[in-house]
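Below, each chain spelled out in residue letters.
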Amino acid sequence: MALTGNFIITGAASGIGAAVAKKIAGPNCSLILQTRSNLDDLERLADICKAKGALVYTQKIDLIEQSQTQKLINFSLDKFSSIDGVIAAAGYPDWQNFDDLSVEDFMKSVLLMQQSTFMLLQQFNRQLQTSKGSFVAVSSFLAHKMKVGNSITPASASAKAGLEALVKSYAAQYAASGIRCNAIVPGYIKKDGGKHTPISPDAIAKINARIPAGRLGLPEEVASLAQFLLSSQSRYITGQLLHIDGGLLLT
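Because the structure is predicted, anything quoted here is derived from the model rather than measured.

About the thresholds
- Residues numbered from 1 in each chain as written.
- Predicted model: local features only at pLDDT ≥ 70, side-chain atom pairs only at ≥ 80, totals over all residues.
- Heavy atoms only, no water.
- Helix = DSSP H or I, 4+ residues; strand = E, 2+ residues; numbered from the N terminus.
- Polar contact = N/O pair within 3.5 Å; in protein donor to acceptor, adjacent residues only side chain to side chain.
- Contact = heavy atoms within 4.5 Å.
- Core = buried A, V, L, I, M, F, W, Y, C linked by side-chain atoms within 4.5 Å.
- Buried < 20%, exposed > 50% of the residue type's maximum accessible area, 1.4 Å probe, protein only.
- Salt bridge = Lys/Arg side-chain N within 4 Å of Asp/Glu carboxyl O.
- Expected span 1.5 Å × (residues − 1).
- Arc of directions from axis to C-beta.
- Axes fitted to C-alpha atoms, helices over the stretch in contact; angles between N-to-C directions.
- Parallel < 35°, antiparallel > 145°, perpendicular 65-115°, else oblique.
- Left-handed = near helix turned anticlockwise from the far one by under 90°.
- Nonpolar A, V, L, I, M, F, W, Y, C, P; charged D, E, K, R; others polar.
- Pairing = 2+ DSSP bridges.

Looking at the side chain of Ser 177
For step 1, the next point in the chain: With respect to the helices and strands, the residue Ser 177 is situated in the loop between helix H6 (154-174) and strand S8 (180-186).
For step 2, the next point in the chain: Engagement of the side chain of Ser 177 in a polar contact is seen with the side chain of Gln 129, the distance being 3.5 Å.
For step 3, the next point in the chain: When residues no more than four places from it in sequence are discounted, the contact partners of Ser 177 are Gln 129 and Lys 132.

See below:
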């Protein structure tokens with residue numbers, strides 16, 4: 001179901017962000033799509049959304065950099081006087097443990113997940129109040145599962161946990177203003193083709209064995225949840241962490 005309004009999607013070139021854009025694009029939908037580096041795939045996505053009737057802008061922005069995040073914010077405020085929804089889907093898992101992780105790499109995760117989200121929440125606040133809009137952040141099961149197989153992931157775990165705290169804090173302050181702010185917490189989600197390194201069948205089998213549902217999730221399944229949270233159907237839902245993981249955190 002296409003949505004009506006102005007929407008901003010970060011991390012839109014692939015995966016969950018791209019799936020959300022395809023899901024909500026339509027004749028009465030305007031989109032600003034951001035990627036850090038994958039501009040070719042982002043432009044292909046933009047063409048798909050335009051074919052559905054959406055007005056689409058693309059931005060190549062590194063959200064780790066404060067000045068670059070500000071550039072995206074300024075561009076968005078210039079294009080949209082009202083913002084109906086934001087999907088903050090930019091992110092990546094850092095599988096380095098405490099022995100291997102540098103301070104610089106640790107801070108990259110924190111800056112991307114927390115600093116950029118804080119800036120988006122703070123500076124889009126007036127527009128979201130005007131529209132009674134929805135902010136949806138994409139977190140990760142890594143914020144809740146401290147050991148994944150043999151892996152410990154302090155950068156991603158702490159960065160995503162802080163992201164979830166931001167969501168709840170913002171929701172608590174602005175629920176009375178009509179803004180909804182929630183986080184989707186995906187489990188293992190199937191990657192797009194293209195630039196992603198393929199996972200071997202043996203590795204997939206090991207991952208599936210950890211998931212009660214016995215399979216990877218699909219970006220489209222997460223996008224359907226995001227679409228619901230962006231729509232007026234979710235108008236009484238805010239400050240929530242919505243897990244979509246095939247039961248992963250039950251084990």
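Still more to cover.
Here's the deal with the nonpolar core
The nonpolar side chains of a soluble globular protein tend to be buried with one another.
For step 1, the next point in the chain: Among the nonpolar cores identified, the biggest contains 33 residues, and Ile 9, Val 20, Ile 24, Leu 31, Leu 33 and Ile 87 are the most heavily contacted of them.
For step 2, the next point in the chain: Of all the elements in the fold, those that place two or more residues in this core are strand S1 (5-10), helix H1 (15-24), strand S2 (29-35), helix H2 (39-51), strand S5 (134-138) and helix H8 (219-230).
For step 3, the next point in the chain: Among all residues touching Val 20, those that are not within four sequence positions of it are Ile 9, Ile 87, Ala 223, Ala 226 and Leu 230.
For step 4, the next point in the chain: By size, the runner-up hydrophobic cluster in this structure holds 30 residues, among which are Phe 80, Val 86, Tyr 174 and Cys 181.

A short note on the environment of Ile 204
For step 1, the next point in the chain: Tracing the chain through its elements places Ile 204 in helix H7 (residues 201-210).
For step 2, the next point in the chain: On the basis of relative accessible area, Ile 204 is assigned to the partly exposed category, the value being 27%.
For step 3, the next point in the chain: Taking the C-alpha atoms as reference, Ile 204 lies 44 Å from Ser 177; in sequence the two are 27 residues apart.

So, unusual backbone geometry
For step 1, the next point in the chain: Here Lys 132, not a glycine, exhibits a phi torsion of approximately 55°, which is positive.
For step 2, the next point in the chain: Here Lys 132 shows up in the loop between helix H5 (125-131) and S5.
For step 3, the next point in the chain: According to the relative accessible area criterion, Lys 132 is partly exposed, its value standing at 48%.

Side note on the pattern of salt bridges
For step 1, the next point in the chain: Under the definition given, this model contains four salt bridges.
For step 2, the next point in the chain: We note a salt bridge from Asp 202 to Lys 206, for which the minimum N-O separation is 3.6 Å. Taken together, the positions of Asp 202 and Lys 206, both in helix H7 and four residues apart, correspond to about one turn of that helix.

A few points about helix H3 (residues 66-79)
For step 1, the next point in the chain: Helix length check: H3 (14 residues) gives 20 Å between terminal C-alpha atoms against 20 Å at 1.5 Å per residue, within 8%.
For step 2, the next point in the chain: Every buried residue belonging to H3 is among Thr 69, Leu 72, Ile 73 and Ser 76, and all of these are buried. In an axial view of H3, the angular spread of the buried residues amounts to 95°, which keeps them on one side of the axis. Among the exposed residues of H3, those oriented more than 90 degrees off its buried face are Ser 67 and Asp 78.
For step 3, the next point in the chain: On the buried face of H3, the contacting elements are S1, S2, strand S3 (55-60) and helix H4 (103-123).

Some remarks on the packing of H3 against H4
For step 1, the next point in the chain: Where H3 meets H4, the closest approach of the two axes is 10 Å, and the angle between their N-to-C directions is 30°. One element, H3, and the other, H4, form an angle in the roughly parallel class. For the pair H3 and H4, the sense of crossing is right-handed. From H3, Gln 66, Thr 69, Gln 70, Ile 73 and Leu 77 reach across to H4, where they touch Gln 115, Ser 116, Met 119, Leu 120 and Gln 123.
For step 2, the next point in the chain: Residue composition of the contact of H3 with H4, by class: four nonpolar, six polar and no charged.

Topic: the pairing of S1
For step 1, the next point in the chain: Across the six residues that make up S1, a large majority, six, are buried.
For step 2, the next point in the chain: Residues Gly 5, Phe 7 and Ile 9 point to one face of S1 and Asn 6, Ile 8 and Thr 10 to the other, with burial holding for every one of them.
For step 3, the next point in the chain: When S1 meets S2, the two strands line up parallel, connected through five bridges. Residue pairing for S2: Asn 6 is matched across the bridge by Ser 30.

Looking at the sheet that holds S8
For step 1, the next point in the chain: Read from one edge of the open sheet, seven strands run S3-S2-S1-S4-S5-S8-S9, paired in parallel fashion. One side of each edge strand has no neighbouring strand; the edge strands of this open sheet are S3 and strand S9 (241-244). Direction aside, neighbouring strands of the sheet carry axes that sit 15° apart on average.
For step 2, the next point in the chain: Judged from the four bridges that link them, strand S4 (residues 85-88) and S5 form a sheet pairing that is parallel. Following the sheet pairing, Val 86 is matched in S5 by Phe 135.
For step 3, the next point in the chain: Against the sheet, H8 makes contact with S1, S4, S5, S8 and S9, and its axis sits at roughly 170° relative to S8, the strand it touches most.

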